[in-house]
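# Summary of structural features
The residues making up each chain are set out below.
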Amino acid sequence: DVKVTQSSRYLVKRTGEKVFLECVQDMDHENMFWYRQDPGLGLRLIYFSYDVKMKEKGDIPEGYSVSREKKERFSLILESASTNQTSMYLCASSIRTTGRNTEAFFGQGTRLTVV
Amino acid sequence: QQPVQSPQAVILREGEDAVINCSSSKALYSVHWYRQKHGEAPVFLMILLKGGEQKGHEKISASFNEKKQQSSLYLTASQLSYSGTYFCGTDIHTGGFKTIFGAGTRLFVKA
């Protein structure tokens, strides 16, 4: 059974803290993604990685960074958490083939609240 | 860069049909469709790879018109279990292929 696991379902952090969100997949997928989900805005891509140590900015990278040192793990870092980063964060992975990606598998999400 | 989905929301009675549209200002090479139920992760429904392609998944099917840069999802004889938010996604080539999703269409099916 394929699995994408996010380290926390719920997280509460203080403004200014450095926050780490961890995601692990067990399917040997090349691609990993971090999305942010807010009501009415859908799934917005923060960063994605198509190989170890390779990363690209998505549509809303400001205030975030990522790390992918191993194929199975993709970390999202909030350098200095702010209240406008309160949101649901979803990690996903997929296979990279010629010309496109295959279906994405999502983790259960981390609901982050910054106070 | 997000694909544009319409309508934003739709309410159906059980047994009715619905169409959800997805369009992009950029060329579409592939279109993904996902459904997310409340409190759960999005789940893959189908992917369309080339113009004119149609696919089906139970009573849910989709079409892809690459010339018009749009895709449509058809829900036939809707069931209560179809309720949720539907997302379309497209792969945009950069160094790899990033999958970008639309804002979603909320579908509510009532008895």
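Residues numbered from 1 in each chain as written. Chains lettered and ligands numbered in written order. Predicted model: local features only at pLDDT ≥ 70, side-chain atom pairs only at ≥ 80, totals over all residues. Heavy atoms only, no water.

### Quick word on the overall build of chain A
Summing up its helical and strand segments, chain A has zero helices and 13 strands in all. Secondary structure elements of chain A, listed N to C terminal, follow the sequence β-β-β-β-β-β-β-β-β-β-β-β-β. For chain A, whose C-alpha radius of gyration is 13 Å, the value lies close to the compact-globule estimate of 13 Å for 115 residues. Viewed in the frame of its principal axes, chain A has a C-alpha envelope of about 40 × 30 × 25 Å. The buried share among the 115 residues of chain A stands at 52%. When contacts within chain A are restricted to residue pairs at least 6 apart in sequence, long-range pairs at least 24 apart make up 56% of them. For chain A, the computed accessible surface area is about 5500 Å², with 50% contributed by carbon and sulfur atoms. Each charge class in chain A can be summarised by its mean position, and for the 17 positive and 15 negative side chains these summaries are 4 Å apart. (Helix = DSSP H or I, 4+ residues; strand = E, 2+ residues; numbered from the N terminus. Rg over C-alpha atoms; globule rule 2.2 N^0.38 Å. Buried < 20%, exposed > 50% of the residue type's maximum accessible area, 1.4 Å probe, protein only. Contact = heavy atoms within 4.5 Å. Areas by Shrake-Rupley, 256 points an atom, 1.4 Å probe, with all protein chains shown as cover. Lys, Arg positive; Asp, Glu negative; His and termini not counted. Charge placed at Lys NZ, Arg CZ, Asp CG, Glu CD.)

### Digging into the overall build of chain B
Check the secondary structure of chain B and you find zero helices and 11 strands. Listing every helix and strand of chain B by position from the N terminus yields β-β-β-β-β-β-β-β-β-β-β. The C-alpha atoms of chain B give 13 Å as radius of gyration, which agrees with the globular expectation for 111 residues (13 Å, within 12%). For the C-alpha atoms alone, the extent of chain B along its principal axes is close to 45 × 30 × 20 Å. When each of the 111 residues of chain B is scored for burial, the buried share is 49%. For chain B, the share of sequence-separated contacts (at least 6 apart) that also reach a separation of at least 24 residues comes to 55%. Summing over all exposed atoms, chain B offers an accessible surface of approximately 5400 Å²; the carbon and sulfur share of this is 49%. Between the averaged position of the 12 positive side-chain charges in chain B and that of its 8 negative side-chain charges there is a distance of 5 Å.

### Details of the side chain of Gln25 of chain A
Residue and element names in this part refer to chain A. Following the sequence through the fold, Gln25 ends up in strand S3 (residues 19-25). Owing to a relative accessible area of 3%, Gln25 belongs among the buried residues under this scheme. At a separation of 3.0 Å, a polar atom in the side chain of Gln25 contacts the main-chain amide nitrogen of Met27. Polar side-chain contacts of Gln25 include one of 3.1 Å to the backbone nitrogen of Asp28. (Polar contact = N/O pair within 3.5 Å; in protein donor to acceptor, adjacent residues only side chain to side chain.)

### Points about the state of the cysteines
Counting across every chain of the model gives two disulfides over all chains. Two residues, Cys23 of chain A and Cys91 of chain A, share a disulfide whose sulfurs are 1.9 Å apart. Disulfide Cys23 of chain A to Cys91 of chain A: torsion about the S-S bond roughly -80°, handedness left-handed. You can see Cys23 of chain A sitting in strand S3 and its partner Cys91 of chain A sitting in strand S9 (residues 87-94), a full 68 residues away along the chain. Neither Cys23 of chain A nor Cys91 of chain A differs from the other in exposure class; each is buried. Linked covalently through their sulfurs, Cys22 of chain B and Cys88 of chain B form a disulfide whose S-S length is 2.0 Å. As the torsion about the S-S bond is roughly 75°, the Cys22 of chain B-Cys88 of chain B disulfide counts as right-handed. (Disulfide = S-S within 2.5 Å.)

### Comments concerning the interface of chain B and chain A
The partner chain A presents 25 residues to the 25 residues of chain B that form the contact. Taking both sides of the interface into account, the surface hidden between chain B and chain A amounts to around 2000 Å²; carbon and sulfur atoms contribute 56%. Remark: the boundary between chain B and chain A carries zero salt bridges. Summed over the shared surface of chain B and chain A, the result is seven residue pairs in polar contact (both at pLDDT 80 or more). Elements with a contribution of two residues or more to the side of chain B that touches chain A: strand S4 (31-36), strand S5 (43-48), strand S9 (84-93) and strand S10 (97-101) of chain B. Examining the composition of the side of chain B that touches chain A, we find that five residues originate from one element, S10 of chain B, more than from any other. Looking at the side of chain B that touches chain A residue by residue, the classes come out as 11 nonpolar, 11 polar and three charged. (Buried area = accessible area lost by both parts, 1.4 Å probe. Salt bridge = Lys/Arg side-chain N within 4 Å of Asp/Glu carboxyl O. Nonpolar A, V, L, I, M, F, W, Y, C, P; charged D, E, K, R; others polar.)

### Some remarks on the packing of aromatic side chains
Residue and element names in this part refer to chain B. What the rule picks out here adds up to 10 aromatic pairs over all chains. Ring geometry for Tyr34 versus Phe101: centroids 5.3 Å apart, planes at 75°, classification edge-to-face. Of this pair, Tyr34 sits in strand S4 while Phe101 is found in strand S10, placing the two residues 67 residues apart along the sequence. A relative accessible area of 0% means that Tyr34 is categorised as buried. (Phe/Tyr/Trp six-rings, centres within 6.5 Å; stacked < 30°, edge-to-face > 60°.)

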